[in-house]
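Okay, here's what each chain looks like letter by letter:
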Amino acid sequence: MENYYCLDLKFKDEKISDKEHHAHLFVSDKEIYIQIIENDITSRIDAYYSNSENPLGLFEENFYIIDSKVSLILDKSRIYKVLSFQTNKQYRYFTIWLTNICIIKDNTYKENINSGIAFLNKNGLQVVNEFYSFFTNRSNKNIFSISRMDGMSNFYKIDNMSFRPELEYTSNEHRGSEEFTVKKKGTINFKFENIDYEEIKHHIEIICNLFSFFFNVRVTMEKLIFRTEKDIYIFRDTEPNNQTYVSDMETVSIFLKKNNRIENFLKKKWYLKYNQNEKKISKAIDNILHSREVDFSSAFLLLFNIIEIFNINQKQEKFAFNTDKKSISDQIYKTLKNYLVARNDQMEFEKKIRGISDKLEFKPFKSPLEETLRINNVDPQIFGYSFAKLKKTRDAITHGSLNSIKPDLLQQQVYCLRKIAICIVLSQLGFKNDLNKEFPE
């Protein structure tokens, strides 16, 4: 039985090859790769491709798909590995590995229309576990079950999608075996109306970002399956990642007055605020997560940058006068000219006064970063340091004077900044008036 999809493709760079090549696409939950067939033993297209300008770039930058037995979406799929020619009993081929792909099949039986499921990484499983109790078998020793925590059976709505975290189970029971194991996977189940593939995928990514922020661990989507009346979409992301992400969860609910649990948080209008300022909020969340994965000096700069991300654009205010600027400058000149020692300086002094009077009408700028904190209802002193002290440390790091800061003090300031950053993001998500102002010593 064939375990691949057939493709016909061409290289965009005709210096590599100007022919159509048959290829086999292999897709699993662990990897995605294409075997490009070339039975001419004198061909060196593998070497030509590997030495081309951008062999590890996007698939769409390197290849045209001429024909495919199944509909594919390869937008932003990156080639991350290439292997030279190999031979099996039938073909001679070289292989390229892809980061992600979406396969579209016919929804032949018209099942589960406008619904889908997103499979999450291991951090996602930790998050979904928060919606469930432990396994129980008190009533019947032969039946194991797991139920949701009280109040956690709701679907939550964003735009034209409703969703909720759920556990998916798989087992490895074999005939004749005395035991079998059950494995669980964290998922997001969802229903939708009148939104397309890109919007659905984007909505799931935002939900993952929200969970990542709330629990301070990176939650990502590894697989997505959903059905429309006509099609079944199956998206996989198998991009290798050598970074070991922090997996110790730290909920941000302590920074809210009501100590809201995740299900209460999801019922609020966080998505409306997120959608209005998505680029900045996503960047801030990534900075918070990244700050847990690097040294303290880098973490400090990442977290301080969050204040800068939301830096307000101030309109400079003017003083209100009951006369015009010329009258004011004339009065200033008349008053001060008599204090000049040299009379021949009066003409130059008058020019100076007129230049200064243009600036006098403007009120002094307040510190824009301090105003950003104030507008977001965040007081740094609550967490142990003034903004002036934090800025002094930021300046020392950026000017290469890290050795002037004691390591334990830098660590404490990073913890302070992380709390400030969390509060700013909460404020941006619509929880400005719910921020906690009192914390135990």
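This structure is a prediction, so every number in the text was calculated from the model and none was measured.

Asks: How should I be thinking about the nonpolar core in this particular structure?
Replies: Nonpolar side chains in soluble globular proteins tend to end up buried together. Judged by nonpolar contacts, the single largest core of 82 residues is most densely connected at Ile204, Phe211, Trp270, Ile420 and Leu426. No other element matches helix α13 (residues 407-431), which puts 13 residues into this core. Excluding anything up to four places from it in sequence, Leu426 contacts Phe213, Val252, Phe255, Leu256, Phe265, Phe431, Lys432 and Leu435. Counting residues in hydrophobic clusters, the runner-up holds 20 residues, among them Leu7, Leu25, Phe59 and Ile96.

Asks: Just to check I follow, could you spell out the side chain of Asn123 for this structure?
Replies: On the secondary structure map, Asn123 appears in helix α3 (residues 122-129). At 2.9 Å, the side chain of Asn123 and the backbone oxygen of Arg218 are in polar contact. With near-sequence residues (within four places) excluded, Asn123 lies in contact with Val217, Arg218, Val219, Tyr245, Val246 and Ser247.

Asks: Can you walk me through the confidence of the model for the protein in this structure?
Replies: Parts of the prediction with low pLDDT should not have their coordinates interpreted in detail. Across the protein, the average pLDDT comes to 89, with 90% of residues at or above 70. Model confidence for the protein, summarised as mean pLDDT per element, is weakest for helix α10 (residues 346-360) at 74 and strongest for strand β3 (residues 32-37) at 98.

Asks: What exactly am I supposed to notice about the sheet that holds strand β12 (residues 182-192) here?
Replies: Paired through their backbone hydrogen bonds, the strands of a sheet run either parallel or antiparallel. The strand order across the open sheet formed by eight strands is β5-β8-β14-β13-β9-β12-β11-β10, and the pairing between neighbours is antiparallel. Strands with a single pairing partner mark the edges of an open sheet, and in this sheet they are β5 (71-73) and β10 (156-158). Across the sheet, the mean angle from the axis of one strand to that of its neighbour is 25°, orientation sign disregarded. Contacts from α3 reach β9 (115-120), β11 (161-171) and β12, with the element oriented near 80° to β12.

Asks: Explanation requested: the sheet that holds strand β7 (residues 92-98) in the structure shown.
Replies: In space, the six strands of this open sheet follow the order β4-β1-β2-β3-β7-β6, with antiparallel pairing throughout. Taken across any chain shown, the strands that pair with only one partner, and hence form the sheet edges, are β4 (63-68) and β6 (79-87). The average undirected angle you get between the axes of adjacent strands in this sheet is 30°. As defined by bridge partners, β3 adjoins β7 across six bridges and the pair is classed as antiparallel. Directly across from Ile34, in β7, lies its bridge partner Ile96.

Asks: Any chance you could explain a negative patch on the surface here in plain terms?
Replies: On the surface, a cluster of negative charge is made up of Glu60, Glu61, Asp75, Asp159, Asp196, Glu198 and Glu199. Of all the elements in the fold, those that place two or more residues in the negative patch are α2 (59-62) and α4 (197-215). Within the fold, Glu61 resides in helix α2.

Asks: Would you explain the packing of aromatic side chains in this entry?
Replies: How two aromatic rings sit relative to each other is given by the distance of their centres and the angle of their planes. Following the criterion strictly, the structure yields 24 aromatic pairs and no others. Measuring from ring centre to ring centre gives 6.1 Å for Phe190 and Phe192, while their planes differ by 40°; the resulting arrangement is tilted. Among the aromatic residues, those joined into a cluster by ring pairs are Phe11, Tyr49, Phe59, Phe63, Phe85 and Phe94. A cation over a ring is seen here: Lys81 above Trp97, with NZ or CZ 4.2 Å from the ring centre. A cation sits over an aromatic face here: Arg218 above Tyr245, 5.0 Å from the ring centre.

Cut-offs and rules
- Residues numbered from 1 in each chain as written.
- Predicted model: local features only at pLDDT ≥ 70, side-chain atom pairs only at ≥ 80, totals over all residues.
- Heavy atoms only, no water.
- Core = buried A, V, L, I, M, F, W, Y, C linked by side-chain atoms within 4.5 Å.
- Buried < 20%, exposed > 50% of the residue type's maximum accessible area, 1.4 Å probe, protein only.
- Helix = DSSP H or I, 4+ residues; strand = E, 2+ residues; numbered from the N terminus.
- Contact = heavy atoms within 4.5 Å.
- Polar contact = N/O pair within 3.5 Å; in protein donor to acceptor, adjacent residues only side chain to side chain.
- pLDDT = per-residue confidence, 0-100.
- Pairing = 2+ DSSP bridges.
- Axes fitted to C-alpha atoms, helices over the stretch in contact; angles between N-to-C directions.
- Patch = residues over 30% accessible without salt bridge, like charges linked within 9 Å, V, L, I, M, F, W, Y side chains within 5 Å.
- Areas by Shrake-Rupley, 256 points an atom, 1.4 Å probe, with all protein chains shown as cover.
- Salt bridge = Lys/Arg side-chain N within 4 Å of Asp/Glu carboxyl O.
- Lys, Arg positive; Asp, Glu negative; His and termini not counted.
- Charge placed at Lys NZ, Arg CZ, Asp CG, Glu CD.
- Phe/Tyr/Trp six-rings, centres within 6.5 Å; stacked < 30°, edge-to-face > 60°.
- Lys NZ or Arg CZ within 6 Å of the ring centre and 35° of its normal.

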